[in-house]
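Residues per chain are reported as follows:
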Amino acid sequence: MSQRQYKRHDRSDIFIHWFNAVCWFLLLVTGLGLFGNPEIDPLGSGYPAFMRSLVGGGGNLLIIHVTLGLIWAGGLLLYMLINFKGAVFFLKEIFMVDPARDITWMIRKMILMTAGPKLLGKNSELPDQGYYNMGQKAFAQASVVGGVVIVVTGIIMFLSDQTLGAEHMALVSWSITLHYLAVGLVFAGLLVHIYMAAISPEEKPGFRSMFTGHVPEDYAKHHHKLWYERVKDNPSSEV
Ligand code: HEM
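Conventions adopted
- Residues numbered from 1 in each chain as written.
- Predicted model: local features only at pLDDT ≥ 70, side-chain atom pairs only at ≥ 80, totals over all residues.
- Heavy atoms only, no water.
- UniProt positions renumbered as here; feature names shortened; annotations may be inferred.
- Helix = DSSP H or I, 4+ residues; strand = E, 2+ residues; numbered from the N terminus.
- Axes fitted to C-alpha atoms, helices over the stretch in contact; angles between N-to-C directions.
- Parallel < 35°, antiparallel > 145°, perpendicular 65-115°, else oblique.
- Left-handed = near helix turned anticlockwise from the far one by under 90°.
- Contact = heavy atoms within 4.5 Å.
- Nonpolar A, V, L, I, M, F, W, Y, C, P; charged D, E, K, R; others polar.
- Phe/Tyr/Trp six-rings, centres within 6.5 Å; stacked < 30°, edge-to-face > 60°.
- Buried < 20%, exposed > 50% of the residue type's maximum accessible area, 1.4 Å probe, protein only.
- Lys NZ or Arg CZ within 6 Å of the ring centre and 35° of its normal.
- Donors = N, O, S within 2.8 Å, 3.2 Å for Na, K, Ca; no water.
- Tetrahedral: all angles 85-135°; square planar, octahedral: opposite > 155°, others 65-115°.

**Here we look at the UniProt feature "transmembrane region" (unreviewed entry) in the protein**
Here is step 1: Per the UniProt entry, the sites bearing "transmembrane region" (unreviewed entry) are residues 14–35, 61–82, 138–159 and 179–200 in this numbering.
Here is step 2: Taken end to end, residues 14–35 comprises 86% helix and 0% strand; its first and last C-alpha atoms sit 33 Å apart.
Here is step 3: The distance separating the terminal C-alpha atoms of residues 179–200 is 30 Å; by composition the span is 95% helix and 0% strand.

**Topic: the packing of helix α3 (residues 58–82) against helix α6 (residues 134–162)**
Here is step 1: Contact geometry for α3 and α6: axes closest at 11 Å, N-to-C directions at 140°. Comparing their axes, α6 and α3 come out oblique. For α3 against α6, the interelement crossing comes out left-handed. Contacts between α3 and α6 involve L62, V66, W72 and A73 on the former and, on the latter, G147, I150, V151, F158 and D161.
Here is step 2: When grouped by side-chain class, the residues that make up the contact of α3 with α6 number seven nonpolar, one polar and one charged.

**Notes on the packing of aromatic side chains**
Here is step 1: Counted under the stated rule, the structure contains ten aromatic pairs.
Here is step 2: Between F35 and Y180, the aromatic rings sit 5.4 Å apart at their centres with planes inclined by 20°, giving stacked as the arrangement. Placement of the pair is F35 in the loop between α1 (11–32) and α2 (46–55) and Y180 in helix α7 (residues 169–199), with a sequence separation of 145 residues.
Here is step 3: We classify F35 as buried; its relative accessible area is 14%.
Here is step 4: Between the aromatic rings of F89 and Y131, the centroid separation amounts to 5.1 Å while the plane-to-plane angle is 80°, which identifies the pairing as edge-to-face. Here the residue F89 occupies a position in helix α4 (residues 84–95), and Y131 occupies one in the loop between α5 (99–114) and α6, the gap between them amounting to 42 residues. By the burial criterion, F89 is buried, and Y131 matches it.
Here is step 5: Over the face of the ring belonging to Y131 we find R8, whose NZ or CZ atom lies 4.1 Å from the ring centre.

**Comments concerning the packing of α6 against α7**
Here is step 1: In contact at an axis separation of 8 Å, α6 and α7 are set at 150° when each is read in the N-to-C sense. Taken as axis vectors, α6 and α7 run roughly antiparallel relative to one another. The hand of the α6/α7 crossing is left-handed.
Here is step 2: Its residues assigned to classes, the contact of α6 with α7 comprises 15 nonpolar, nine polar and no charged.

**Topic: the coordination of the iron atom of the ligand**
Here is step 1: At the metal site, the iron atom of the ligand is ligated by H17 (NE2) and H193 (NE2), and these contacts range over 2.0 to 2.1 Å.
Here is step 2: Of note is the iron atom of the ligand, whose six donor atoms meet at the metal with angles of 84 to 179° in an arrangement that counts as octahedral. Taken as a pair, H17 in helix α1 and H193 in helix α7 lie far apart in primary sequence, 176 residues in all.
Here is step 3: Note on H17: relative accessible area 24%, which makes it partly exposed.

If you want it as C-alpha cells, here you go:
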C-alpha cells in the first residue's frame, strides 16, 4: 500500500537550494583559479594557470568570479524578499537549538556512525528531532553565517582593487583571511552534507524530496518526529 506523502519543501525552496549549489560549485571552480601564491595553492600552480588561459587571463577570471558572487548574493536576497515567510521559517528552524535534546542527538549520532551501537548500550536511542536534525542545523548555521562572511569580505576585497587606499590595508588583509576561512569551513561541512544527503541510504527519501518536495510518512515519523507530530493531520503543510 502506498504511504501518505508529507510536504517538506515548496518549489521556491527547491529552486533556491539548487541555485545555491550551482553557484557554490562555480564560485569554487573560479575562486581556486585565482590563487596567485603557489605555496598556499591547494591544487598546485597548474590549475590557476589552466583556468586563466581558459578565460583569457587572471583579470577576466576575477570579473567572472565577482559577477558570479553578485548573482549568488542577489539571488539569495531576492528569494528572501519574495519568500519572506519561508526564509524566516528556515532561519528560525536552524537557529533554535534545544541544548539537552539536540546536543545529545549530535553526540549519540556521531558515536553510532563511527563506533556503532555497542558503545552506547542502553543509550543508543536518538532523541526526537524537529524539521531539521542537529547535524542539518549545524551545517545550515555554518552556511548562513559563512555565506554572510564570504559576501561581505568578497565585496571589501573587490573594492580594495577599485577604491580602497593603503589606510584600509588591515581591513583588506582580514577580509582575505576570513574569506578563505569561511569558504574552508562551509566546504568541510559540505562534504559531510553531500554524503549524508545524497549517499547515505537511510536519507534517500530526504534526497528525493529535494526534487519532488515530499517525503513518505514513515520517513517523516522516524527522522523528524517532532515535525511529524506538528503536521501529521495536515500533510500538505510544511509548518
Ligand atoms: C550535490 C550537492 C548537494 C546535494 C546532493 C544536497 C542535498 C540536500 C538535500 C537532500 C537536502 C534536504 C534535506 C532535508 O530537507 O531533509 C538539503 C538541504 C540543505 N542544503 Fe543541500 N545539497 C547539496 C549542495 C548544497 C550546497 C552547496 C549548500 C550550501 C553551501 C547546501 C545547503 C543546504 C542547506 C542549508 C540545507 C538545509 C539544511 C540541511 O538539510 O542540511 N546544499 N541538501
